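Here are the chains, one letter per residue:
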Amino acid sequence: MAPTIAAAMGYSQGHVTMTNKLRKPVVEKMRRDRINSSIEQLKTLLGKEFVKQQPDSKLEKADILEMTVCYLRQSASPRPATGNEGYSRCVQEIVHFLSRDEMKTETQRKLLNHFQAAQNSPEHQSPVKEATPVKSALWRPW
C-alpha cells in the first residue's frame, strides 16, 4: 500500500519539530557565547575605566554594561565651550581671514597685528582640559 500524503506530512512535521528541539539548545548556547564574548571585549576595551571605578571588585555583566553606557554617554555628549575657547576660535578665524588678502590696507595690518598679539597672549588662550573619568555610581540591589 502506498503512503498517503497525510502520513508523509505527519512524519515530516514530527521530524521538523524534533530537529528544532535538538537544535534549540545549541543555538541558545551560541547566542550566550556571543553575548559573553562581547561583554568580555567591552571589559577589555574599557579596562582602565573599570579599574578607576572599582579596582578590587569583580564586575558582573550588568556592571560592565552599565559602565559602558555611562562612558559612551559621557564621551558622546559635547562639552560646552567656555568663553575663552569661543574667543580663541574667533580670533583664529579673523587672523586667517585677514591673512588671506595680498593687498592689505593700513587698517587691515593694524587689525592683523592686534589679533595676532591677542592670539599669542596667555590670558586668551584656551586651557587644555584633561579627560575626566566616568564617575557614576553603579546600581547595586544590596
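Residues numbered from 1 in each chain as written. Predicted model: local features only at pLDDT ≥ 70, side-chain atom pairs only at ≥ 80, totals over all residues. Heavy atoms only, no water.

### Re the overall build of the chain
The following threshold applies: Each helix is a run of H or I in the DSSP string that is no shorter than four residues. Each strand is a run of E no shorter than two, and both are numbered from the N terminus.
For the chain, the count of helices and strands is five helices and zero strands. Taken from the N to the C terminus, the helices and strands of the chain come in the order α-α-α-α-α.

### Focus: the pattern of salt bridges
Convention followed: Here, a salt bridge means any Lys or Arg side-chain nitrogen found within 4 Å of an Asp or Glu carboxyl oxygen.
Summed over the entire model, instances satisfying the criterion amount to five salt bridges. One connected set of salt bridges, linked through shared partners, spans Glu28, Arg31 and Arg32.

### Notes on the UniProt feature "domain: Orange" (unreviewed entry) in the chain
Quick note on the threshold: UniProt positions are given in the numbering used here, feature names are shortened, and annotations may be inferred rather than shown by experiment.
The UniProt record marks residues 85-115 with the feature "domain: Orange" (unreviewed entry), using the residue numbering of this structure. Its end C-alpha atoms 15 Å apart, residues 85-115 is made of 84% helix and 0% strand.

### Some points on the side chain of Thr68
The test is simple: Polar contact is defined as a pair of N or O atoms within 3.5 Å, subject to the rule that within protein one atom must be able to donate a hydrogen and the other to accept it, and that residues adjacent in sequence are counted only when both atoms are side-chain atoms. Every residue pair with non-hydrogen atoms within 4.5 Å of one another is taken to be in contact.
Checked against the element boundaries, Thr68 lands in helix H3 (residues 61-76). In this structure the side chain of Thr68 is engaged in a polar contact, spanning 2.7 Å, whose partner is the backbone oxygen of Ile64. Contact partners of Thr68, with chain neighbours within four places excluded, come to Leu42, Leu46 and Phe50.

### What to know about the nonpolar core
The test is simple: Only buried Ala, Val, Leu, Ile, Met, Phe, Trp, Tyr and Cys residues count toward a nonpolar core, and they belong to the same one when joined by side-chain atoms within 4.5 Å. Buried residues are those whose accessible area, probed at 1.4 Å on protein chains only, stays under 20% of the maximum for their type, while exposed residues exceed 50% and partly exposed ones sit between those limits.
If you look at the biggest cluster of nonpolar residues, it comprises six residues: Ile39, Leu46, Phe50, Leu59, Ile64 and Met67. For Ile39, the residues in contact, after removing those within four places along its chain, are Lys61, Ile64 and Leu65. Among the nonpolar cores identified, the runner-up in size contains five residues, and Val91, Leu98, Leu112 and Phe115 belong to it.

### Observations concerning the environment of Ile64
Inspection of the secondary structure puts Ile64 in helix H3. Sequence separation between Ile64 and Lys43 is 21 residues, and the spatial gap between their C-alpha atoms is 6.4 Å. Excluding residues within four positions of it along the chain, Ile64 makes contact with Ile39, Leu42, Lys43, Phe50 and Leu59.

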